[in-house]
Amino acid sequence: METPFQSPESRSSPAATRQRLLTVYLNDHLAGAGSGVCLVRRMARTQRDTPAGPLLAELAGEITEDRESLREIMTALDVPARWSRVAMGRLAEKAARVKLNGRLMGRSPLSDVLELEAMRLGVEGKASLWRSLGTLAETSAPLDPAAVGRLLDRAERQAVVLERLRVNAVGRTFTAGAPAPARAGRDRARRTARHPLARKARWAP
């Protein structure tokens, strides 16, 4: 009697399968984080002489730190980084630059809108990652739930800042006589930066 065919997945233990899936999941997010870092740094450079420049520069620093925190978490969970996926993510970010923006050459006001929308979606995805790792932290000793919670808090704050910048960009692009970004928004960002949740949120065992 022939033995039924078993795929490698069915022959592996449940623990090995979970580790394999976690490796794929975290590497996908690491690739996305690399793309996000490239994008937000470029946004900060192109808008450095605008009211959004300081906020984007601050976000660029934070998002770079978040990527390093993810690398540290992967090391703690014994998940190797697959650099081919990271490289593919960077190529995807570069390819996204050719998206039509209403001009054949150079940037247009629509570029700011599209980039901020992409960055906002990326940060929302990162927040989902921290929520997933928060669930894992409740059962996995290598992870500190409080540290993961701080990363989630910061991602949610980043999403608020990006949404404010996106709304301002939409106003500049699609409406006549749109008001400049309000000083109140900048003051609120400064107060938030002094809040304990806005401190450097590096993961630590």
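Residues numbered from 1 in each chain as written. Predicted model: local features only at pLDDT ≥ 70, side-chain atom pairs only at ≥ 80, totals over all residues. Heavy atoms only, no water.

## Concerning the packing of helix H5 (residues 109-137) against helix H6 (residues 145-174)
The test is simple: Orientation is described by axes fitted as lines to C-alpha atoms, over the contacting stretch for helices, and by angles from 0 to 180 degrees between their N-to-C directions. Counting from the N terminus, the helices are the DSSP runs of H or I reaching at least four residues and the strands are the DSSP runs of E reaching at least two. By definition in this entry, angles of less than 35 degrees are roughly parallel, angles greater than 145 are roughly antiparallel, angles of 65 to 115 are roughly perpendicular, and the rest are oblique. Note on convention: near helix rotated counterclockwise from far helix by under a right angle means a left-handed crossing. Clockwise means right-handed.
Packing of H5 against H6 leaves a shortest axis separation of 8 Å and a crossing angle of 165°. Here H5 lies roughly antiparallel to H6, going by the angle between them. Every pair of crossing elements has a handedness; the one defined by H5 and H6 is left-handed.

## Notes on the environment of serine 108
Position of serine 108 among the secondary structure elements: in the loop between helix H4 (83-96) and H5. A sequence separation of 65 residues divides serine 108 from threonine 173, and the C-alpha atoms of the two residues are 9.1 Å apart.

## Observations regarding the pattern of salt bridges
A side chain with one charge may pair with a side chain of the opposite charge, provided their charged atoms come close. We count it as follows: The salt bridge definition used is simple: a Lys or Arg side-chain nitrogen within 4 Å of an Asp or Glu carboxyl oxygen. Classification of residues uses two cut-offs on accessible area relative to the type maximum, computed with a 1.4 Å probe and protein chains only: under 20% is buried, over 50% is exposed, and between them is partly exposed.
Enumeration over the complete set of coordinates arrives at 13 salt bridges. A salt bridge links aspartate 66 to lysine 126, with the nearest nitrogen and oxygen atoms 2.6 Å apart. Linking aspartate 66 in helix H3 (residues 53-76) with lysine 126 in helix H5, this pair joins segments that are 60 residues apart in sequence. The buried category is assigned to aspartate 66, whose relative accessible area is 2%. For lysine 126, a relative accessible area of 13% gives the class buried. What emerges from the salt-bridge pattern is a single network uniting Glu117, Arg120, Glu124, Glu163 and Arg166.

## Comments concerning the confidence of the model for the protein
Rules: You can read pLDDT as the predictor saying how much it trusts each residue, on a scale of 0 to 100. For this analysis, residues touch if any pair of their heavy atoms sits within 4.5 Å.
On average, residues of the protein score 80 in pLDDT, and 68% of them are at 70 or above. Averaged over each element, pLDDT in the protein is lowest for helix H7 (residues 183-194) (47) and highest for H3 (97). Per-residue pLDDT stays below 50 along residues 100-105; that stretch engages in 8 contacts with residues further than four places along the chain or on separate chains. This stretch, residues 191-201, has a pLDDT under 50; its non-local contacts, to residues over four places away or in other chains, come to 15 contacts.

## A word on the nonpolar core
Put simply, the rule is: Nonpolar core, defined: a set of buried Ala, Val, Leu, Ile, Met, Phe, Trp, Tyr and Cys residues in which side-chain atoms within 4.5 Å join the residues together.
Core analysis: the biggest nonpolar cluster contains 38 residues, and Leu26, Leu56, Leu77, Met119, Trp130 and Leu133 have the highest contact counts within it. Taken together, the elements giving at least two residues each to this core come down to helix H2 (14-46), H3, H5 and H6. If sequence neighbours within four positions are ignored, leucine 77 has contacts with Gln19, Leu22, Leu26, Leu133, Leu136, Ser140, Pro142 and Leu143.

## Topic: H3
The criterion, for reference: To estimate how far a helix should extend, the number of its residues minus one is multiplied by 1.5 Å.
With 24 residues, H3 should cover 34 Å at 1.5 Å per step; its first-to-last C-alpha distance of 35 Å lies within 8% of that length. In the segment just after H3, aspartate 78 is the residue with positive phi, at about 60°.

## Quick look at unusual backbone geometry
Phi at aspartate 78 is positive, roughly 60°, even though this residue is not glycine. For aspartate 78, the location among the structural elements is in the loop between H3 and H4. By relative accessible area, which is 61% here, aspartate 78 ends up exposed.

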